[in-house]
Structure formats: C-alpha cells, structure tokens
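Summary of structural features
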Amino acid sequence: MRILICEDSVLLREGLVRLLEDAGHEIAAALPDAGELAETVAAASPDLCILDVRLPPTFTDEGIRAALDLRRTHPELAVLVLSQYVEERYASDLIAAQGAALGYLLKDRVADVADFLESVDRIAQGATVLDPEVVAQLLSRRIRDERMTRLTERERQTLALIAEGKSNHAIAAVLFVSEASVEKYVTAIFQKLGLEPDESGNRRVLAALAHIENAGGSPQTGTTR
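- An unreviewed UniProt entry lists the protein under the name Response regulator transcription factor, with Microbacterium gilvum as the source organism.

**Remarks on the overall build of the protein**
- Along the backbone of the protein there are ten helices and six strands.
- Counting only contacts in the protein whose residues sit at least 6 apart along the sequence, the fraction spanning at least 24 positions is 65%.
- Accessible area of the protein: about 11,800 Å², with a carbon and sulfur share of 51%.

**Some thoughts on the pairing of strand β1 (residues 2–6)**
- Counting buried positions along β1 gives four out of five residues, so the element sits mostly inside the fold.
- Pairing of β1 with strand β2 (residues 26–31) involves five bridges; the strand directions are parallel. From the neighbouring strand, Leu4 faces β2, where its bridge partner is Ala29.
- Where the polypeptide runs from β1 across helix α1 (residues 10–22) and back to β2, its parallel neighbour, the crossover connection is right-handed.

**With respect to the nonpolar core**
- Among the nonpolar cores identified, the biggest contains 26 residues, and Leu37, Leu51, Val81 and Tyr104 are the most heavily contacted of them.
- Broken down by element, the residue count for this core peaks at four residues, all from helix α3 (residues 62–73).
- When neighbours within four sequence positions are excluded, Leu51 is seen to be in contact with Cys6, Leu37, Gly63, Ala66, Ala67, Leu70, Val79, Leu80, Val81 and Leu82.

**Quick notes on the packing of helix α7 (residues 153–163) against helix α9 (residues 179–192)**
- Interaxial distance between α7 and α9 falls to 9 Å at its minimum, and their mutual angle equals 90°. Judged by the angle between their axes, α7 and α9 are roughly perpendicular. Residues Arg154, Glu155, Thr158, Leu159 and Ile162 of α7 form the contact with α9, whose participating residues are Val182, Tyr185, Val186, Ala188, Ile189 and Lys192.
- In the contact of α7 with α9, the residues fall into seven nonpolar, one polar and three charged.

**With respect to the side chain of Arg13**
- Position of Arg13 among the secondary structure elements: in helix α1.
- The buried charged residue Arg13 lacks any salt bridge partner; its closest oppositely charged side chain belongs to Glu14, at an N-O distance of 4.1 Å.

Calculation rules
- Here the residue numbering is sequential within each chain, running from 1 through the sequence in written order.
- It should be noted that, the model being predicted, local features are given only for residues of pLDDT at least 70 and side-chain atom pairs only at 80 or more, the latter also being counted only at that level, while totals for whole chains, interfaces and linings use all residues.
- Side-chain numbers come from the whole structure's heavy atoms, not from hydrogens or water.
- Here a strand is any run of E in DSSP of at least two residues, a helix any run of H or I of at least four, and the numbering for each starts at the N terminus.
- Whether two residues are in contact is decided by their heavy atoms, any of which lying within 4.5 Å being enough.
- Only the protein chains shown count as cover for residues, and all accessible areas are computed by the Shrake-Rupley method using a 1.4 Å probe.
- Burial classes: relative accessible area under 20% of the type maximum marks a residue as buried, over 50% as exposed, and values in between as partly exposed (1.4 Å probe, protein chains only).
- Pairs of strands are assigned from DSSP output, requiring at least two bridges between the strands.
- Looking down the strands as they point away from the viewer, one classifies a crossover as right-handed if the path from the first strand across the helix to the second runs clockwise.
- Residues belong to one nonpolar core when they are buried, are Ala, Val, Leu, Ile, Met, Phe, Trp, Tyr or Cys, and are joined through side-chain atoms within 4.5 Å.
- Between the N-to-C directions of two axes lies an angle of 0 to 180 degrees, each axis being a line fitted to C-alpha atoms and, for a helix, fitted only over the stretch in contact.
- An angle below 35 degrees is treated as roughly parallel, one above 145 as roughly antiparallel, one from 65 to 115 as roughly perpendicular, and anything else as oblique.
- Nonpolar residues are Ala, Val, Leu, Ile, Met, Phe, Trp, Tyr, Cys and Pro. Charged residues are Asp, Glu, Lys and Arg, and all others, Gly as well, are polar.
- His is not counted, nor are the chain ends, whereas Lys and Arg count as positive and Asp and Glu as negative.
- Any carboxyl oxygen of Asp or Glu within 4 Å of a side-chain nitrogen of Lys or Arg constitutes a salt bridge here.

Structure representation (structure tokens):
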C-alpha cells in the first residue's frame, strides 16, 4: 500500500516511515506540514494519508482541515488522523464527512506496533477505525445531548437564563411570564437533567454547567412570549 505521511514531529514522522516500510508498505511522501499536501496527493496517488491533527504554522486545526479537504476532493482516499488528545468536535466532523475508509487514533496507539499496523491494514480494507477513547467521549456527548432534548423550548430558554446567573424574578421578566411559571420550568429542568435535591442547593449551578457544556460556549436566550 502507498502511504503519504503528514506529521510535523521529525521523530514521529521518521518513526512512522521506518515502521510502515518494515511492514511492507511504500511511503509515497513524508511531509512536515500541509502546505503541499494537495499537490503531493495529486502527484503521488497514495492509497492512505496519515495526518496529525495539529500542524504548522498555528498548530491548531490545520491537519483536520486538510483531512476534511481530502475527504471532499479525494473521496476514494483512505485517511488516518493521529491526535495527541481526543478532539471530540474534529472526530465528529470527520465521521460526518463523506469519503472512503477513516481512522482516528491517539498517538499513544502507535507505540503498540502490532495493533497500529493492524489498524492501518483494516483502514486500507475499507474499515472505519476509531480510538476507544474517541468512541467513549462521543458516546458521553451523545448522552448529554439526549438529556437536553428532553427539555421543552421554554425550559431551554429558562436554563440558558439560569446559566447567565439570572434569578427566577429576572427570568420571569425576560420571558414575560409569572415567577410561579418560572419555578415550574426550573423544577422540570432539574427533574429532566436528573439533578436530585441536596443540602448544598447547587442544582442551579449544575444545571447551568450542563447547559454550557452541551452548548459548547456562551448560552443564547430567546424572548418568545
């Protein structure tokens, strides 16, 4: 199998070259960044492209953006992404993208040579191979998302306002409802999120954290009457 490697770490890049060549694979190219990746893929016609998630110059998402571009421009090309940590959002984007076989593994897995080479072979055969840690976090996020889907639109608006630190009185003013109605929404939110009463009275904080974690950022509220 012809493999193209795109990895900024010299040690890991050369290690992958040696490891894969010893396993009988042909290295089409080994690049330190994604600057010439598209041109190299077009010229070398690899069967598999192995990329690091974080590449120069910013070491943020260059690798994942390159992988998504490859999935779009070369849908027949198998892609294996290596990451130092679980990048939950990136994994979701890759899985959702159309394309050929896909792998998403933590770099620690490379140390288990036999398992890593088996993963490479499985991807080459058309399989999707996801690191167990990636699967665990994606499942965890799905559970959080499903918990939020139990809330009505008004309850979601109320929860977003709770996350902003607003009191029931202030929430009632924003939503143009009575305080008694807000109290009912809050009680329903606690029940649907599985937050049991406790002596510390921190359910409001826990509910706010659940909202922020699920939203992935600052809450947005509505003022629907």
